[in-house]
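Understanding the architecture of this molecule
This is what each chain is made of:
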Amino acid sequence: MIFTSFTYLHFFLLIFTAYWLVRRLLPQNILLLAGSYLFYGWVTPWFCLLIGFSTVVDYFCGLGMRRNPARKKIFLITSLFSNLGLLGVFKYFNFFADSVSNALAAIGLNADPVTLQIILPVGISFYTFQTLSYTIDIYRDECEPRTNFIDFAVFVSFFPQLVAGPIERAKRFLPQVEAPRYWKWSNLDEAWPLIVRGYLKKLVVADNVAVLSDKIFMLESPSLLMILAGSLAFAVQIYADFSAYTDIARGSARLLGFQLIENFKSPYLAISPSDFWRRWHISFSSWIRDYLYISLGGSRVGTGARFLLLLMVSMGLSGLWHGASWHFVIWGLYHGILVFAYHRLGLGGRWRPEGPIKTAVAWTVMFGFTLFGWVLFRVPDMGWFFSAFGSASAGFQGDLLVSAVSVIAATLVYSIPLFGLMALDRINVGGRLVHSLVYGVAIAAILTLAESQGQDFIYFQF
Amino acid sequence: MAGSQNGSTASYAVGPFRALAGPMLALAVVCVINVGFSLLARQQFDRNPELKPYFQHMLDDSRAQIVFLGNSIVERGVDDRQFSHETGLTATQLTSGGAATAFWYLTIKNVLLSQKEPPRLVVVFFRDNMLTMPEFRTEGRYKERLVELSTGTEPLLDQLAYFQQMGFLKESLTRYVSLYHLRGAIKSDFEYGVRDRLARMALSVDQTTLRNAIANVFDEGNMIPELVTQAQIMMEMPTDMRYYDFESQIDRSFLPVMIDLAASAGIRLTFVRTKKRRDLTSGQQPEPLLRYMADLRSYFDDKGITLYDYTDDPRIKLEHFALGDHLNEETGRPLFTSLLAKTLEPEIRAISK
């Protein structure tokens with residue numbers, strides 16, 4: 001079930017009404033659990049078996065760690081093996097089989113790749129990471145294992161953020177599941193603007209711009225200007241799409257009395273790679289930092305070769321998390337190199353340039369790096385990348401110029417809502433009245449300008 | 001709304017009046033804009049029924065004995081002249097890019113049945129399970145084509161293609177909110193008036209130059225066929241398995257009505273399932289689709305209707321395809337037209353008696 005379908009709106013209305021009618025914690029949580037499994041298994045019911053497996057394994061691993069502290073490591077390894085094993089089979093099996101086969105072919109050995117007809121279960125990367133944070137935190141004595149299975153199962157499967165995050169931490173989210181929840185009008189007051197923003201960004205911005213970028217990345221030999229236009233369109237699309245999901249997730253959760261963490265803080269205003277990762281997909285980048293980078297010793301290295309190695313491992317795996325394809329890995333490594341280079345130049349961490357001109361230069365450079373990164377991320381494969389850049393003309397004349405400018409113009413027009421929302425957040429003119437009027441116009445835009453061939457949220461594939 | 005933006009969502013006390021005032025005001029704005037568009041719509045967004053008279057003229061001019069109903073698959077894959085030459089009967093196509101059953105139903109009802117001498121044989125070309133998906137390709141630009149074929153009020157079209165699958169919310173929006181109901185036309189005008197104007201201003205070119213440049217650069221021939229196929233598979237991936245349940249879908253579809261309408265006018269109706277590029281590249285057909293096709297075939301057998309299925313025909317090879325599911329002009333189209341002329345011999349004999 002996807003947020004932008006009418007099915008979801010009906011589903012949410014039913015859950016919302018029943019949830020606040022029952023009023024007591026246990027029935028509320030049972031309702032959330034049943035609703036979450038219905039939501040997740042709507043199209044492919046057997047996906048529920050996977051999330052059920054992950055839930056059961058981590059529930060018992062958590063309890064096992066408390067009852068047998070001496071064997072904590074075994075339970076942690078069981079949890080890691082089970083969850084990463086699920087990911088390995090359902091997301092990466094074909095990728096590794098193909099890669100091994102290609103590597104053997106490169107040295108003259110022929111091996112038919114054993115590929116399986118596997119459907120990638122949506123959201124598997126998200127809930128796997130969320131539930132892993134529970135067992136890792138217990139192992140580190142940062143979280144208490146839970147005995148109430150229903151509470152824990154709600155934490156793993158909570159439908160508003162199940163398939164595309166934000167990735168919540170057990171120590172932050174479980175207490176909310178366990179605490180009694182009563183209807184407060186502030187829930188509605190906080191939720192409805194988030195939901196309107198989400199639908200505006202997804203249906204008006206992301207889906208319309210997606211049509212442009214999709215076409216460009218299907219071209220056999222695009223010009224350099226066209227690649228730039230495609231990259232710009234994709235930058236707008238992926239931000240609008242992903243942050244829209246987060247907004248709707250946060251709004252839906254708020255209506256049920258939960259608070260989800262923020263996932264984006266104007267990422268395209270970043271002035272350095274470290275700044276970008278503090279603003280982009282925050283719940284994921286902080287997960288990688290806390291559970292991978294720091295676990296590998298990242299907090300104890302300087303800016304030398306070991307720092308580079310840890311960055312490459314962390315960022316390469318971050319890239320791989322996004323998809324079973326080499327261009328995602330290379331995108332991750334590219335960002336790792338950027339972070340490293342900025343650190344070596346003394347521009348890492350919380351560095352901020354002095355004065356508006358230096359800030360503008362730093363922003364321009366970083367935005368350029370980000371756009372190039374999105375090309376690596378969006379290309380169908382690395383073959384397309386090398387072929388496109390190897391043979392591309394500049395494209396500053398004739399039909400190529402006209403069509404590239406048309407794509408850029410269309411991207412800018414469909415980005416107007418993003419600029420509008422940014423201005424609304426930063427220039428707080430008129431208060432509630434102006435906000436309500438603007439959201440009224442936003443709803444009218446959603447009703448009229450939504451792309452009729454609605455597309456799935458991009459991050460579903462991860 | 002204090003914590004409603006990207007900032008903190010720390011809770012605070014707020015009463016019902018204050019909490020409801022914001023959404024109510026926003027809805028009031030929507031109502032005002034909606035009323036404005038409703039008034040404007042009466043003057044601006046009425047489309048002329050261009051397609052119906054065009055098809056009628058085509059039939060009058062060609063005096064076609066055989067009509068092919070389909071979409072771009074037929075446009076690219078069937079050569080009327082070659083077919084007529086090989087069979088000795090006049091044939092013409094009534095197609096539109098991306099057309100599906102709603103379009104074909106309207107063509108039979110409003111075009112073919114309005115002819116003094118309707119064609120003797122109508123061949124419908126379809127893919128997979130689209131015959132029982134009445135809402136498939138009925139929104140956006142496809143809706144404009146349907147309006148052009150309609151006779152003003154089309155209750156069955158509204159019921160099958162729109163309302164029966166909608167649910168309460170979508171049906172209410174469609175019936176009562178002009179902004180939503182007219183979104184296809186409004187969006188098209190917005191794109192023409194705002195989006196394209198910016199590009200034209202930046203380059204000082206006219207609309208025709210702009211449109212031609214886009215058409216040239218994004219021409220099918222400039223795309224990578226495998227990526228187009230992948231995109232098509234993604235776009236048409238079923239989100240609901242009920243579309244593969246023939247028994248539950250048949251009475252919700254245009255198919256029985258199309259068959260009855262054709263029979264009432266003495267038109268022989270035949271169906272052809274076309275081969276797709278994907279059929280050659282993605283291995284065996286999915287199990288639900290195979291079950292669906294068996295049920296469809298059995299349904300046609302009961303009705304005495306012939307179904308020809310080219311999906312597994314080994315004579316149509318990968319090299320006969322151009323892009324996506326389209327056959328190429330050089331070898332694909334002549335081959336398929338010839339195969340079709342031979343395949344349809346029993347139907348041609350029957351209508352020639």
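Residues numbered from 1 in each chain as written. Chains lettered and ligands numbered in written order. Predicted model: local features only at pLDDT ≥ 70, side-chain atom pairs only at ≥ 80, totals over all residues. Heavy atoms only, no water.

**Details of the overall build of chain B**
- What chain B contains, in helices and strands, is 17 helices and 5 strands.
- Burial status across chain B gives 52% buried among its 353 residues.
- Partitioning the intrachain contacts of chain B with sequence separation of at least 6 by distance along the chain shows that 79% fall at a separation of at least 24.
- Of the roughly 16,900 Å² of accessible surface on chain B, a fraction of 54% belongs to carbon and sulfur atoms.
- Charge-centre separation for chain B: the mean point of 40 positive side chains lies 3 Å from the mean point of 44 negative side chains. (Helix = DSSP H or I, 4+ residues; strand = E, 2+ residues; numbered from the N terminus. Buried < 20%, exposed > 50% of the residue type's maximum accessible area, 1.4 Å probe, protein only. Contact = heavy atoms within 4.5 Å. Areas by Shrake-Rupley, 256 points an atom, 1.4 Å probe, with all protein chains shown as cover. Lys, Arg positive; Asp, Glu negative; His and termini not counted. Charge placed at Lys NZ, Arg CZ, Asp CG, Glu CD.)

**Considerations on the overall build of chain A**
- From N to C terminus, chain A includes 17 helices and 0 strands.
- Against the compact-globule benchmark of 23 Å for 462 residues, chain A has a radius of gyration of 23 Å, which places it among compact chains.
- Over its C-alpha atoms, taken along the principal directions, chain A stretches across nearly 65 × 65 × 50 Å.
- Looking at chain A as a whole, 58% of its 462 residues qualify as buried.
- Of the contacts formed within chain A by residues at least 6 apart in sequence, a portion of 78% connects residues at least 24 apart.
- For chain A, the distance from the average position of its 34 positive side-chain charges to the average position of its 26 negative side-chain charges is 9 Å. (Rg over C-alpha atoms; globule rule 2.2 N^0.38 Å.)

**Description of the domain arrangement of chain A**
Residues and elements named next belong to chain A.
- Under the domain assignment used here, chain A contains domain 1 (6-183) and domain 2 (187-271 + 352-461).
- Domain 1 and domain 2 are separated by 29 Å when their C-alpha centres are compared.
- If you look at the interface, domain 1 gives 30 residues, while domain 2 gives 20 residues.
- When domain 1 packs against domain 2, close to 2,000 Å² is buried across both sides, 70% of that on carbon and sulfur atoms.
- Where domain 1 meets domain 2, there are 0 salt bridges.
- Our count for the contact surface shared by domain 1 and domain 2 stands at 7 residue pairs in polar contact (both at pLDDT 80 or more).
- Taken together, the elements giving at least two residues each to the side of domain 1 that touches domain 2 come down to α1 (6-22) and α7 (170-178).
- Looking at side-chain class alone, the side of domain 1 that touches domain 2 contains 23 nonpolar, 4 polar and 3 charged residues. (Domains from an automatic or database assignment. Buried area = accessible area lost by both parts, 1.4 Å probe. Salt bridge = Lys/Arg side-chain N within 4 Å of Asp/Glu carboxyl O. Polar contact = N/O pair within 3.5 Å; in protein donor to acceptor, adjacent residues only side chain to side chain. Nonpolar A, V, L, I, M, F, W, Y, C, P; charged D, E, K, R; others polar.)

**Here we look at the state of the cysteines**
Residue and element names in this part refer to chain A.
- A complete count under the given rule lists 0 disulfides over all chains for this structure.
- No disulfide involves C61; its sulfur sits 14 Å from that of C143, the nearest cysteine.
- The exposure class of C143 is buried, given its relative accessible area of 9%. (Disulfide = S-S within 2.5 Å.)

**Side note on the packing of helix α11 (residues 282-293) of chain A against helix α12 (residues 305-322) of chain A**
Residues and elements named next belong to chain A.
- It is the contact of α11 with α12, at a shortest axis distance of 11 Å, that shows an interaxial angle of 130°. If you check the angle between α11 and α12, you find them oblique. Crossing of α11 over α12 shows right-handed handedness. Across the interface between the two elements, F284, I288, L292 and Y293 of α11 pack against F307, L310, L311, S314, L317, S318, W321 and H322 of α12.
- Considered class by class, the residues forming the contact of α11 with α12 number 9 nonpolar, 3 polar and no charged. (Axes fitted to C-alpha atoms, helices over the stretch in contact; angles between N-to-C directions. Parallel < 35°, antiparallel > 145°, perpendicular 65-115°, else oblique. Left-handed = near helix turned anticlockwise from the far one by under 90°.)

**Examining the confidence of the model for chain B**
- Confidence in the prediction for chain B averages 84 pLDDT; 90% of positions are at 70 or higher.
- Segment residues 2-9 of chain B: pLDDT under 50, and 28 contacts once partners within four positions in sequence are set aside and those in other chains are kept. (pLDDT = per-residue confidence, 0-100.)

**Looking at the interface of chain A and chain B**
- In this complex, chain A contributes 60 residues to the contact, which on the side of chain B involves 65 residues.
- The largest share of the area that chain A buries against chain B comes from F6, M218 and L447 of chain A, three residues that together contribute 12% of it.
- Counting across the interface, chain A meets chain B through 0 salt bridges.
- In this structure, the connection of chain A to chain B is made through 4 residue pairs in polar contact (both at pLDDT 80 or more).
- Looking at the side of chain A that touches chain B, the elements that each hand over two or more residues are α1, α8 (185-216), α9 (224-255), α16 (398-426) and α17 (431-449) of chain A.
- Looking at the side of chain A that touches chain B residue by residue, the classes come out as 34 nonpolar, 12 polar and 14 charged.

**Describing the pattern of salt bridges**
- Here the structure, examined in full by the defined rule, presents 24 salt bridges over all chains.
- Across the pair R172 of chain A and E168 of chain A runs a salt bridge, and its minimum N-O distance is 3.1 Å.
- Residue R172 of chain A is classed as partly exposed on the basis of its relative accessible area of 35%.
- When salt bridges that share partners are traced, they join D128, R273, K276, D279 and D309 of chain B into one network.

**Considering the nonpolar core**
- Grouped together as the largest cluster of nonpolar side chains are 155 residues, with contacts concentrated most on W280 and W374 of chain A.
- Per-element accounting of this core gives the leading share, 18 residues, to α9 of chain A. (Core = buried A, V, L, I, M, F, W, Y, C linked by side-chain atoms within 4.5 Å.)

**Thoughts on helix α4 (residues 80-87) of chain B**
All names here are of chain B.
- Where α4 is concerned, the buried positions are D80, Q82, F83 and S84.
- Of the surrounding secondary structure, the elements contacted by the buried residues of α4 are β1 (66-70), β2 (91-95), α16 (332-343) and α17 (345-352).
- At the N-terminal end of α4, a side-chain oxygen is found 3.0 Å from the backbone nitrogen of R81, two or three residues along, and the residue is D79.
- Trailing α4 by a residue or two, G88 shows a phi angle of about 80°, which is positive.

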